[in-house]
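Here's the letter readout for the chains.
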Amino acid sequence: MEKKYTPSLWLCILMDLIGCASYAVPVLGDVSDLIWAPISAIIFYRMFGGPIGTFGSAFNFLEELFPGTDFIPTFTVAWVVKRIWAGRRTVSI
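Residues numbered from 1 in each chain as written. Predicted model: local features only at pLDDT ≥ 70, side-chain atom pairs only at ≥ 80, totals over all residues. Heavy atoms only, no water.

**Student:** Looking at this structure, how should I read helix α2 (residues 26-48)?
**Tutor:** The α-helix winds at 3.6 residues per turn, so residues separated by three or four positions along the chain end up facing the same way. Across its 23 residues, α2 extends 31 Å between first and last C-alpha, which sits within 8% of the 33 Å expected from 1.5 Å per residue. Just past α2, the residue G49 takes up positive phi, approximately 60 degrees. (Helix = DSSP H or I, 4+ residues; strand = E, 2+ residues; numbered from the N terminus. Expected span 1.5 Å × (residues − 1).)

**Student:** Even after reading the chapter, I still don't get the packing of aromatic side chains, so can you show me in this structure?
**Tutor:** By convention here, two paired aromatic rings are described through the distance between centres and the angle between planes. Evaluated as defined, the whole model comprises three aromatic pairs. Through pairs of rings, three or more aromatic residues link up here, namely F44, F48 and F75. (Phe/Tyr/Trp six-rings, centres within 6.5 Å; stacked < 30°, edge-to-face > 60°.)

**Student:** Whenever I open this one, the nonpolar core confuses me. Can you help?
**Tutor:** Here is a general trend for soluble globular proteins: nonpolar side chains tend to be buried in one another's company. Listed in full, the ten residues of the largest apolar core are C12, M15, W36, F44, M47, F48, I52, F75, A78 and W79. When contributions to this core are tallied by element, the ones reaching two or more residues are α1 (9-20), α2 and α4 (74-87). For this core, the leading source of residues is α2, giving four residues. Sequence-distant contacts of M47, defined by excluding residues within four places in its chain, comprise Y5, P7, L11, C12, M15 and F75. (Core = buried A, V, L, I, M, F, W, Y, C linked by side-chain atoms within 4.5 Å. Buried < 20%, exposed > 50% of the residue type's maximum accessible area, 1.4 Å probe, protein only. Contact = heavy atoms within 4.5 Å.)

**Student:** Help me understand the packing of α1 against α2, please; the structure alone is not making it clear to me.
**Tutor:** The description of two packed helices rests on the angle between their axes and on the distance between the axes. Here α1 crosses α2 at 165 degrees, and the two axes come no closer than 11 Å. Classified by the interaxial angle, the pair formed by α1 and α2 is roughly antiparallel. As for how α1 packs across α2, the hand of that crossing is left-handed. Residue-level inspection shows L11, C12, M15, I18 and G19 of α1 in contact with α2, the latter providing D33, W36, I43, M47 and F48. Of the residues assigned to the contact of α1 with α2, the class counts are eight nonpolar, one polar and one charged. (Axes fitted to C-alpha atoms, helices over the stretch in contact; angles between N-to-C directions. Parallel < 35°, antiparallel > 145°, perpendicular 65-115°, else oblique. Left-handed = near helix turned anticlockwise from the far one by under 90°. Nonpolar A, V, L, I, M, F, W, Y, C, P; charged D, E, K, R; others polar.)

**Student:** Even after reading the chapter, I still don't get the packing of α2 against helix α3 (residues 50-65), so can you show me in this structure?
**Tutor:** Their axes nearest at 8 Å, the elements α2 and α3 cross at an angle of 170 degrees. In this view, α2 runs roughly antiparallel relative to α3, as classed from their interaxial angle. Handedness of the α2/α3 crossing: right-handed. Note on element contacts: α3 touches α2 through G50, I52, G53, T54, G56, S57, N60, F61, E64 and L65, opposite D33, L34, W36, A37, P38, S40, A41, F44, Y45 and F48. Along the lines of polarity and charge, the residues of the contact of α2 with α3 split into eleven nonpolar, seven polar and two charged.

Structure (C-alpha coordinates):
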(Lines give C-alpha, C1' and ligand atoms only; values in the text may rest on other atoms or scores of the structure.)
Protein backbone atom coordinates (compact mmCIF):
# COMPACT_ATOMS: atom_id res chain seq x y z
CA MET A 1 0.00 0.00 0.00
CA GLU A 2 1.38 3.41 -0.97
CA LYS A 3 1.61 6.00 1.80
CA LYS A 4 0.09 9.30 0.73
CA TYR A 5 1.43 12.61 1.98
CA THR A 6 -0.89 14.76 4.12
CA PRO A 7 0.39 18.24 4.94
CA SER A 8 0.70 19.29 8.55
CA LEU A 9 -2.35 20.87 10.14
CA TRP A 10 -0.12 23.61 11.56
CA LEU A 11 1.21 24.41 8.09
CA CYS A 12 -2.36 24.65 6.77
CA ILE A 13 -3.37 26.98 9.60
CA LEU A 14 -0.28 29.12 8.94
CA MET A 15 -1.15 29.39 5.23
CA ASP A 16 -4.70 30.47 6.13
CA LEU A 17 -3.33 33.08 8.54
CA ILE A 18 -1.02 34.43 5.84
CA GLY A 19 -4.04 34.73 3.54
CA CYS A 20 -5.94 36.67 6.23
CA ALA A 21 -2.97 38.96 6.94
CA SER A 22 -4.07 41.29 4.15
CA TYR A 23 -6.81 42.55 6.51
CA ALA A 24 -4.07 44.05 8.74
CA VAL A 25 -3.32 46.81 6.22
CA PRO A 26 -6.64 48.10 4.81
CA VAL A 27 -5.53 49.76 1.54
CA LEU A 28 -2.55 47.52 0.85
CA GLY A 29 -4.64 44.42 1.54
CA ASP A 30 -6.49 44.36 -1.77
CA VAL A 31 -3.30 44.91 -3.75
CA SER A 32 -1.49 42.19 -1.82
CA ASP A 33 -4.35 39.78 -2.58
CA LEU A 34 -3.64 40.21 -6.31
CA ILE A 35 -0.09 39.03 -5.65
CA TRP A 36 -0.94 36.38 -3.05
CA ALA A 37 -3.81 34.68 -4.95
CA PRO A 38 -1.70 32.91 -7.64
CA ILE A 39 1.11 32.12 -5.18
CA SER A 40 -1.37 30.63 -2.73
CA ALA A 41 -3.04 28.57 -5.47
CA ILE A 42 0.30 27.10 -6.56
CA ILE A 43 1.25 26.27 -2.97
CA PHE A 44 -2.17 24.72 -2.41
CA TYR A 45 -1.82 22.44 -5.45
CA ARG A 46 1.71 21.41 -4.47
CA MET A 47 0.60 20.63 -0.91
CA PHE A 48 -2.49 18.55 -1.72
CA GLY A 49 -2.22 17.40 -5.35
CA GLY A 50 -4.77 15.13 -7.02
CA PRO A 51 -8.44 16.05 -7.23
CA ILE A 52 -8.40 17.93 -3.93
CA GLY A 53 -5.43 20.01 -5.07
CA THR A 54 -6.91 20.73 -8.49
CA PHE A 55 -10.31 21.86 -7.26
CA GLY A 56 -8.95 23.46 -4.12
CA SER A 57 -6.28 25.51 -5.88
CA ALA A 58 -8.86 27.00 -8.26
CA PHE A 59 -11.21 27.70 -5.35
CA ASN A 60 -8.35 29.12 -3.27
CA PHE A 61 -7.30 31.41 -6.13
CA LEU A 62 -10.81 32.84 -6.43
CA GLU A 63 -11.24 33.06 -2.66
CA GLU A 64 -8.04 35.07 -2.26
CA LEU A 65 -8.81 37.24 -5.29
CA PHE A 66 -12.31 38.37 -4.30
CA PRO A 67 -12.51 40.91 -1.49
CA GLY A 68 -14.23 39.88 1.72
CA THR A 69 -13.67 36.14 1.31
CA ASP A 70 -10.23 35.86 2.95
CA PHE A 71 -11.81 34.58 6.16
CA ILE A 72 -12.51 31.16 4.56
CA PRO A 73 -9.87 28.71 5.89
CA THR A 74 -9.33 26.94 2.57
CA PHE A 75 -6.13 25.12 3.53
CA THR A 76 -7.56 23.89 6.84
CA VAL A 77 -10.81 22.72 5.23
CA ALA A 78 -8.79 20.85 2.60
CA TRP A 79 -6.72 19.22 5.35
CA VAL A 80 -9.92 17.96 7.01
CA VAL A 81 -11.30 16.72 3.69
CA LYS A 82 -8.04 14.94 2.88
CA ARG A 83 -7.98 13.27 6.31
CA ILE A 84 -11.57 12.08 5.88
CA TRP A 85 -10.85 10.94 2.31
CA ALA A 86 -7.75 9.04 3.49
CA GLY A 87 -9.84 7.36 6.20
CA ARG A 88 -12.27 5.92 3.68
CA ARG A 89 -11.56 2.40 2.62
CA THR A 90 -12.57 1.18 -0.80
CA VAL A 91 -13.37 -2.46 -1.28
CA SER A 92 -12.39 -4.12 -4.56
CA ILE A 93 -14.31 -7.19 -5.59
